[in-house]
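# Chain and residue survey
Each chain, letter by letter, is given below.
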Amino acid sequence: MRIIKLAFSLFLLVCTLGCKNNQPQHDAYKFTNELIDETSPYLLQHAHNPVDWRAWSDEALKEAEQSNKLVLVSIGYSSCHWCHVMEKETFTDEGVAKSMNANFINIKVDREERPDLDQLYMTAVQLMQGNGGWPLNVIILPNGKPVYGGTYHTKEQWTEVLAKLNELYKKDPEKLNKYANSIAAGIRATNLIEPQEKITKFSKDTLSLSVKKWQKKWDTISGGNIENQKFIRPQSLDFLIDYAQLTNDQETKKHVINTLDNIISGGIYDHIGGGFFRYSTDPHWKVPHFEKMLYTNAQLISLYAKAYTIYKNPLYKRVVMQTITFLEREMKSQAGGYYAAIDADSQGTEGGYYQWNKKDLQHILKNEYSNFTKYYTLDTPEDTATNTAVIITQAYNDSLFAIQNDISIRQLTSLKNSWQKTLLTNRQERTSPAIDDKIITSWNALLIKGFIDAYKAFENQEYLDKAIALSSFIEENNTSDSFLVHSYKKGDKKQEGFLEDYAFLTDACIDLYSATLDTKYLDLANELHKTVTAHFTDKVTPMYTYTRESKLISPLIKVDDGVIPSPNAVMAHNLKKLGILNYNTDFTKKSDQMLSAMNAYVNDNAKDFSKWSALQLNTIYPFYEIVIVGPKADSIAKVFSSLYLPNTIVVGSTVESTLPIFKNKYVENETFIYVCQEGACKLPVQSIDMALKQL
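The rules behind the values
- Residues numbered from 1 in each chain as written.
- Predicted model: local features only at pLDDT ≥ 70, side-chain atom pairs only at ≥ 80, totals over all residues.
- Heavy atoms only, no water.
- Pairing = 2+ DSSP bridges.
- Helix = DSSP H or I, 4+ residues; strand = E, 2+ residues; numbered from the N terminus.
- Phe/Tyr/Trp six-rings, centres within 6.5 Å; stacked < 30°, edge-to-face > 60°.
- Buried < 20%, exposed > 50% of the residue type's maximum accessible area, 1.4 Å probe, protein only.
- Lys NZ or Arg CZ within 6 Å of the ring centre and 35° of its normal.
- Right-handed = clockwise from strand over helix to strand, strands pointing away.
- Disulfide = S-S within 2.5 Å.
- pLDDT = per-residue confidence, 0-100.
- Contact = heavy atoms within 4.5 Å.
- Polar contact = N/O pair within 3.5 Å; in protein donor to acceptor, adjacent residues only side chain to side chain.
- Core = buried A, V, L, I, M, F, W, Y, C linked by side-chain atoms within 4.5 Å.

### So, the sheet that holds strand 8 (residues 288–289)
- Read across the open sheet, the 3 strands follow the order 6-7-8; overall the sheet is antiparallel. The outermost strands of the open sheet, each flanked by one partner alone, are strand 6 (230–231) and strand 8.
- One ladder, built from 2 bridges, connects strand 6 with strand 7 (residues 279–280); its direction is antiparallel. Within strand 7, the position partnered with K230 by the bridge is S280.

As structure tokens, then:
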């Protein structure tokens, strides 16, 4: 992302103070720094810069203090285009490196390995400038407090920033400290969520009002929110699906379907290889930023599987299946975990791997080119220098195209499969983008949920098997001394897990328990929750801290949704479900306390707190546990799981169980279905139709 308001930021600061990697041999390079000993692909990309980079450590900060130097912290990730640009333009320049090495302690951070540092200093940059992005470049004091922050800089801008700040630090360090203290105080303030003495009584009217405020920001043409660039927010659309169904809100339903359809017809979806890109650079989902992230695709598998269950659009099913195929083909490790990301760049060109020349398409598709260009639109990005590269977007829905071209849906599907196979085979002959082969616990947990949701929507056992296998992989590789680690890569330093790892994996285990009826997953969910309670409970707020033990300048409490849902909101959902499954009212009370503390945030800005809004739905409308007990529990549970039943959790046991939720419900050789609310059950029934009527 290009730097924003650099001159103004420097002026404000002055005024405030005044008033998969195969590494060649080291000797093949002129420079090699400490990053050569890291496993992160992003850090290794900088291992041969002339800059004396090192990874974040207490030792680096102590060295800064002893040498009386400022610390330069540059944060990015391996698939970030502008991170690559700044590395090539600036960090390979020997003159710039000489200045950085002489005056600063230089630290490189992979934001995917250390999301805690990324969140901390992103907050600082947002306080300083009003927005941020990557690469994220901050200058901090040896105590960790920031004095400057920005994003992408040209070499000239960077040189100017460093010179100015080094001069300020030498001339008047006390005033620089004063400024740093004010920013640090601002960071701490953003992480303070006031507890509520009483549990808030939520109402349908209040929730409806928050959605109506949000509706004013909806893009009624292209879907999503009114923005110049568009990120897909799966948790927002997931909430709106449930809200529309429970309230019979047709305007919301129309917006959801319009958004879902526009996303999969645009260039943000890879029509040839399957899978979704990270975001679109335009308001219409057409021109993507070409990096592919695991968390994006994992959540969209869940979203489109759920949408298919309700709306029965066959394109949704196709997209889910293609996305899973893409992940298996390009992002799955041989050991069984799934990689973090695929780079946006290939051979130095952003999106070059995915774009096409019209003449090449005509040559590859031959006689089918005419039909192909009827079904798809070949868009030319405005910033393409040669004006020949095109992005493929879908022009028609299948039914309309079939009617207008006098072919059946089956024939059209066969044509699409043929086009995609031909073009994918051709594309695979190109130099593929680099893969970031870290296996991140929280993102893989999202994929477990994705597989389960696909299994429930399509009743395909293969997808449940994938979820089970991935869960086993995480249990075997992404743990250390009974704690989760955030990411796994052979030979890495095993960074301890964050709240999102525990929250997302607990959620996935609850879903696995519901899908398999195997109590080992419920046991694991309970154990993960115990760890969170013991090590992440905040002493001041009703929330959980992002890190188990923080040495940073402020505790981190993540409550808003970003491209992944708030880990605290997911924990609140987990507490509600575990409270029901374990008959533990302390859990459900804690969930209510967390939600009550978020009341004002959710009501004023549902767009950024939609995972909390989803919990409001679970609180305002009846939430049912469907408990199935008896020898046929497994097959009956599968039927319930395949249905769209918002505000429900399905559990079952084929044998007599000691779990609280099954107490006094087992009858020898009989299968009964119990529809319950917080342990209070209606009369048991033996048919699915009768249970659905009770709902």
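### With respect to the packing of aromatic side chains
- Applying the stated criterion across every chain, the model contains 30 aromatic pairs.
- Aromatic side chains W56 and Y121 sit 6.3 Å apart centroid to centroid with 50° between the ring planes, which places their arrangement in the tilted category. With W56 in the loop between strand 1 (53–55) and helix 3 (58–67) and Y121 in helix 6 (residues 115–129), this residue pair connects regions lying 65 residues apart in the sequence. Neither residue differs from the other here; W56 and Y121 are each classed as buried.
- Measuring from centroid to centroid gives 5.4 Å for Y304 and Y316, while their planes differ by 70°, and the two rings are edge-to-face. Remark: Y316 occurs in helix 13 (residues 314–330) and Y304 occurs in helix 12 (residues 294–311); sequence separation between them is 12 residues. Here Y304 matches Y316 in class, with each residue buried.
- Through successive ring pairs, a cluster of aromatic residues spans F372, Y375, Y376, Y396, F401 and W419.
- A cation over a ring is seen here: K108 above W53, with NZ or CZ 5.2 Å from the ring centre.
- Between R111 and the ring centre of W134, over which it is positioned, the NZ or CZ distance is 4.0 Å.

### Regarding the pairing of strand 22 (residues 648–653)
- Most of strand 22 sits inside the fold, with 5 of its 6 residues counted as buried.
- By the bridge criterion, 6 bridges tie strand 21 (residues 624–629) to strand 22 in an arrangement that is parallel. Within the sheet, the bridge partner assigned to V627 lies in strand 22 and is V651.
- With respect to chirality, the unit in which strand 21 leads through helix 26 (residues 633–642) into the neighbouring parallel strand 22 is right-handed.

### A closer look at the state of the cysteines
- Tallying each qualifying case throughout the model produces 2 disulfides.
- In this model C80 forms its disulfide with C83; the gap between the sulfur atoms is 2.4 Å. One quick way to see it: the torsion about the S-S bond of C80 and C83 is about 80°, and its sign makes the bridge right-handed.
- Paired through a disulfide, C676 and C681 show a sulfur-sulfur distance of 2.0 Å. A torsion of 95° about the S-S bond marks the disulfide between C676 and C681 as right-handed.
- Should the bonded cysteines of the protein chain be numbered as they appear in the sequence, the pairing reads 1-2, 3-4.

### Description of the sheet that holds strand 10 (residues 341–342)
- Taken in spatial order, the 3 strands line up as 9-10-16 in an open sheet, and their pairing is antiparallel. Pairing within the sheet leaves two strands with one partner each, and these edge strands are strand 9 (292–293) and strand 16 (435–436).
- Relative to strand 16, strand 10 runs antiparallel, the two being bridged by 2 bridges. Each residue of the ladder has a partner; that of I342, found in strand 16, is I435.

### Some words on the confidence of the model for the protein chain
- Mean pLDDT over the protein chain stands at 92; residues scoring 70 or higher make up 95%.
- Confidence over residues 1–24 falls short of pLDDT 50; this stretch has 53 contacts with residues more than four positions distant or in other chains.

### Observations concerning the environment of L136
- Here L136 shows up in strand 4 (residues 136–140).
- Along the sequence, L136 and H153 sit 17 residues apart, while their C-alpha atoms lie 9.8 Å from each other.
- For L136, the residues in contact, after removing those within four places along its chain, are V73, S74, I75, D118, Y121, M122, V125 and G150.

### Some thoughts on the side chain of Q119
- Among the secondary structure elements, Q119 is positioned in helix 6.
- Taking the relative accessible area as the measure of exposure, Q119 reaches 17% and is therefore buried.
- Looking at Q119, its side chain comes within polar contact range of the side chain of Y546, at 3.5 Å.
- For Q119, the contacting residues outside a window of four places in its chain are Y546, L556 and K558.

### Concerning the nonpolar core
- W56, Y304 and W612 are the most contacted members of the largest nonpolar core, which has 192 residues in total.
- In terms of residue count, helix 12 provides more of this core than any other element does, 12 residues in total.
- In this view, W56 contacts L61, V73, I107, K108, V109, R114, L117, Y121, I140 and L552; residues no more than four positions away in its chain are not counted.
- Formed by 17 residues, the second largest nonpolar core is a distinct cluster that contains W356, Y375, F401 and L423.

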